[in-house]
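Observations on chain architecture
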Amino acid sequence: MDPGAGAGQQRARGRLGAPSSGTRAPGTPWARFSAWLECVCVVTFDLELGQALELVYPSDFQLTDKEKSSICYLSFPDSHSGCLGDTQFSFRIRQCGGQRRPGHVGEKRSDSWAPASLQREPAHFFGYVYFRQVKDSSMKRGYFQKSLVLLSRLPFVRLFQALLGLVAPEFFDKLAPCLEAVCNEIDQWPAPAPGQTLNLPIMGVVLQVHIPLRADTPEPGPPKQSSHETLLPAPVVLPSIHELDLFRCFRPVLAHVQLLWELMLLGEPLLVLAPSPAVSSEMVLALTSCLQPLKFCCDYRPYFTIHDSEFKEFTTRTQAPPNVVLGVTNPFFIKTLQHWPHILRVGEPKMSGDLPKQVKLKKPSRLKTLDTKPGLYTAYTAHLHRDKALLRRLLKGLQKKRPSDVQTAVLRRHLLELTQSFIIPLEHYMASLMPLQKGIVPWKTPPQIRPFRQDDFLLSLERAGPQLTCVLKGDWLGLYRRFFKSPHFDGWYRQRHREMTQKLEALHLEAICEANIEIWMKDKSEVEVVDLILKLRERLVRAQGHQLPVTEATLTRARLYIDTAIGSLPKDLQAVLGPP
């Protein structure tokens, strides 16, 4: 299955697959479709070109040549996997060039209400793949090889895998006409609004999903069907749109889950070498989900090949390895990335009732090329002591034949509580940097958020550290010190600082709207009044775009104040400052 040199360069063809030039603009017939998916691609194996893009739908969706090439290579398992039959996996690629489809206001609003880990990716595409390889004597190579790919900015892996499970087998039988009907059905779906339980009809089946809200508990449970509507046929209820079977993914590494959690928390470079794209992509996605509710701020590639346009960038030895979790299946990467500090080699999954043989911790010097045995190759020493009670509980669950979803709930709860115990002291310290509300007065610039001082925070841990909520012992101080140097601290701090700044602006706007503007204007010059009008308008725009947490009553009062201030000015200025 070695791809030809021209992979990805073949122009899309067929009735649905006209060349993909141009962009969908908001308000087009595909506006609802684009709330879920960017496009659907079909990748086939061409004897002359290797993997080739056969079809893109809607046909006016624009992909660069580099993106087409990446999609083609990443949509097929490489020759080391030997996947026969049907295989599902996922990949993630960097978008080339600038933004080609401006986000709808509704999308931006939805993102602000969604959990950080489920927000749209502004600079990356997710590819969800259903690959089929079966013997076919009518084909020159003796095999039918084709992939159906859903391209989206949404990390809804469980939903899109379920969707492909329904659509792909039908598509491989009926081809293009089936795909057109499916895309038209998706174009009728309601938008993925956080907090909503949605019924999504597709090919005679109704998928019922709950779109999590930021304020939801991390495990909201399966969505409940609305009592006022009876759906025929009965819906297929997905317990989650994004959560994988964590226990199944982590079975071979359960003994090292906490060490892997620390590596993820610190944004350490990690290579995952797996026997297939399915195992590779699930392991990478499971690892990056370990930090919820903290957003994973590093790069990650669930499946990556030597043909990727970023291969040189990730494998260079002229600089330190990038902060990326890389999922691969080609043993060549072991040799190429020997200088990486952490390499996880996992074998074929075994789904027997017993706990599979756990991968061993090994020194990087034990790395061999090509025939490297399963193991976690790292010189890293965990800061926290291992939670032996967790492993005993999971082993007991295996002995009692506890369902995998129950085991997953135990594991996910453990990781969630671990992350929360680590983050809560940071949240408390950050909240202490917020100015007091009594210091926010109407006609003065609001006070600034005080700077984050790492030494002060570390001192605060003696009385308000993770020991209050977590029984694990270890070098918490050392873990925090390393965390301060990681992309995740930077991402968390920027997000919290932005939210606190918005809260300050909202409190300041409320203070202005509760004051008497007419008394203030009595001794003010025209310049000062105009300055207030412009500042109020700017705040109003930000508030209407849901960037400031203010009530509708405050917005109404702000508009009234603007009108009052404009009315106090001379006619010529009123004409200039009139309704924009």
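Our structure's up above, just so we're on the same page.
The shown structure was predicted, so the numbers you read here are calculated from the model rather than taken from an experiment.

**Describing the overall build of the protein chain**
Secondary structure assignment for the protein chain yields 19 helices and 14 strands. Residues counted as buried form 52% of the 580 residues belonging to the protein chain. Sequence separation of at least 24 residues holds for 74% of the intrachain contacts in the protein chain that already meet a minimum separation of 6. Surface summary for the protein chain: the accessible area is close to 27400 Å², and the carbon and sulfur share equals 54%.

**A short note on unusual backbone geometry**
With an omega dihedral of -5°, the bond running from Tyr 57 to Pro 58 counts as a cis peptide bond. By the element assignment, Pro 58 lies in the loop between strand S2 (50-57) and helix H2 (65-74). Along the chain, Gln 292 connects to Pro 293 via a cis peptide bond; the corresponding omega equals 10°. Looking at where Pro 293 falls in the secondary structure, it is placed in the loop between helix H8 (277-288) and strand S10 (299-301). Within the chain, Lys 401 stands out as a residue other than glycine whose phi angle is a positive 55°. Note that Lys 401 resides in the loop between helix H11 (388-399) and helix H12 (404-431).

**Regarding the pairing of strand S7 (residues 205-210)**
Among the 6 residues of S7, 5 are classified as buried, and the element is accordingly described as predominantly covered. Relative to S7, strand S6 (residues 197-202) runs antiparallel, the two sharing 6 bridges. Paired with Thr 197 across the bridge in S7 is His 210. The turn linking S6 back onto S7 is made up of 2 residues, and Met 203 within it adopts a positive phi angle of 50°. Pairing analysis gives 2 bridges linking S7 to strand S8 (residues 236-237), with the strands arranged parallel. Paired with Leu 207 across the two strands is Val 236, which belongs to S8.

**Section: the packing of aromatic side chains**
Inspection of every chain in the model, using the stated rule, returns 35 aromatic pairs. Look at Tyr 130 and Phe 172: their rings are 6.0 Å apart centre to centre, the planes differ by 50°, and that puts the pair in the tilted class. Taken together, the residues Tyr 130 in strand S4 (residues 124-135) and Phe 172 in helix H4 (residues 157-174) connect sequence positions 42 residues apart. Assessed through its relative accessible area of 8%, Tyr 130 is described here as buried. Each member of the aromatic cluster is reached from another via a ring pair, and the members are Trp 261, Phe 422, Tyr 429, Phe 452, Phe 457, Tyr 480, Phe 483, Phe 484, Phe 489, Trp 492 and Tyr 493. Seen from the ring of Tyr 300, Arg 92 lies directly overhead, with NZ or CZ sitting 4.2 Å from the centre.

**Let's talk about the sheet that holds strand S1 (residues 39-46)**
Taken in spatial order, the 5 strands make up an open sheet running S2-S1-S5-S4-S3, and their pairing is antiparallel. Here the strands that pair on one side only, and so sit at the sheet edges, are S2 and strand S3 (85-94). In this sheet, adjacent strand axes meet at a mean angle of 25° when their direction is disregarded.

**Quick look at the packing of helix H17 (residues 526-544) against helix H18 (residues 552-567)**
Taken N-terminus to C-terminus, the directions of H17 and H18 make an angle of 155°; their axes are 10 Å apart at the nearest point. By the angle class used here, H17 and H18 are roughly antiparallel. As H17 runs across H18, the sense of the crossing is left-handed. The segment H17 lies against H18, with Val 529, Ile 533, Leu 536, Arg 537, Leu 540, Ala 543 and Gln 544 engaging Leu 555, Ala 558, Arg 559, Tyr 561, Ile 562, Ala 565 and Ile 566.

**Side note on helix H7 (residues 257-265)**
With 9 of 9 residues buried, H7 lies mostly within the body of the structure. Turning to H7, its buried residues number three or more, namely Val 257, Gln 258, Leu 259, Leu 260, Trp 261, Glu 262, Leu 263, Met 264 and Leu 265. Gly 267 sits one or two residues past H7 and shows a positive phi near 65°.

**Some remarks on the side chain of Thr 408**
Of note, Thr 408 is situated in helix H12. Judged by relative accessible area, Thr 408 falls into the buried class, the value being 7%. A distance of 3.0 Å separates the side chain of Thr 408 from the backbone nitrogen of Phe 247, its partner in a polar contact. Those residues in contact with Thr 408, other than ones at most four positions away along the chain, are Leu 244, Asp 245, Leu 246 and Phe 247.

**Quick word on the side chain of Asp 78**
Mapped onto the secondary structure, Asp 78 falls in the loop between H2 and S3. Buried charged residue Asp 78 carries no salt bridge. Nearest counter-charge: Arg 345, at 11 Å. There is a polar contact of 2.7 Å between the side chain of Asp 78 and the side chain of Thr 329. Apart from residues lying up to four places away in sequence, Asp 78 is in contact with Tyr 303, Thr 329 and Asn 330.

**Topic: the sheet that holds S8**
The pairing of strands in a sheet happens through backbone hydrogen bonds and is either parallel or antiparallel. Taken together, 3 strands build an open sheet; the order of strands is S6-S7-S8 and the sheet is mixed. Strand pairing shows two members of the sheet lacking a second neighbour, S6 and S8, which therefore form its edges.

**Examining the pattern of salt bridges**
By the definition in use, this model includes 23 salt bridges. The shortest N-O distance in the salt bridge between Arg 494 and Asp 490 comes to 2.9 Å. Of the two residues, Arg 494 and Asp 490 both sit in helix H15 (residues 487-514), 4 residues apart, roughly one turn of that helix. With relative accessibility at 37%, the residue Asp 490 sits in the partly exposed group. For Lys 535, the salt bridge is made with Asp 531, and the minimal N-O distance between the two is 3.3 Å. Linking Lys 535 with Asp 531, this pair stays in helix H17, spanning 4 residues, or about one helical turn. Note on Lys 535: relative accessible area 46%, which makes it partly exposed.

Parameters and conventions
- Residues numbered from 1 in each chain as written.
- Predicted model: local features only at pLDDT ≥ 70, side-chain atom pairs only at ≥ 80, totals over all residues.
- Heavy atoms only, no water.
- Helix = DSSP H or I, 4+ residues; strand = E, 2+ residues; numbered from the N terminus.
- Buried < 20%, exposed > 50% of the residue type's maximum accessible area, 1.4 Å probe, protein only.
- Contact = heavy atoms within 4.5 Å.
- Areas by Shrake-Rupley, 256 points an atom, 1.4 Å probe, with all protein chains shown as cover.
- Pairing = 2+ DSSP bridges.
- Phe/Tyr/Trp six-rings, centres within 6.5 Å; stacked < 30°, edge-to-face > 60°.
- Lys NZ or Arg CZ within 6 Å of the ring centre and 35° of its normal.
- Axes fitted to C-alpha atoms, helices over the stretch in contact; angles between N-to-C directions.
- Parallel < 35°, antiparallel > 145°, perpendicular 65-115°, else oblique.
- Left-handed = near helix turned anticlockwise from the far one by under 90°.
- Polar contact = N/O pair within 3.5 Å; in protein donor to acceptor, adjacent residues only side chain to side chain.
- Lys, Arg positive; Asp, Glu negative; His and termini not counted.
- Salt bridge = Lys/Arg side-chain N within 4 Å of Asp/Glu carboxyl O.

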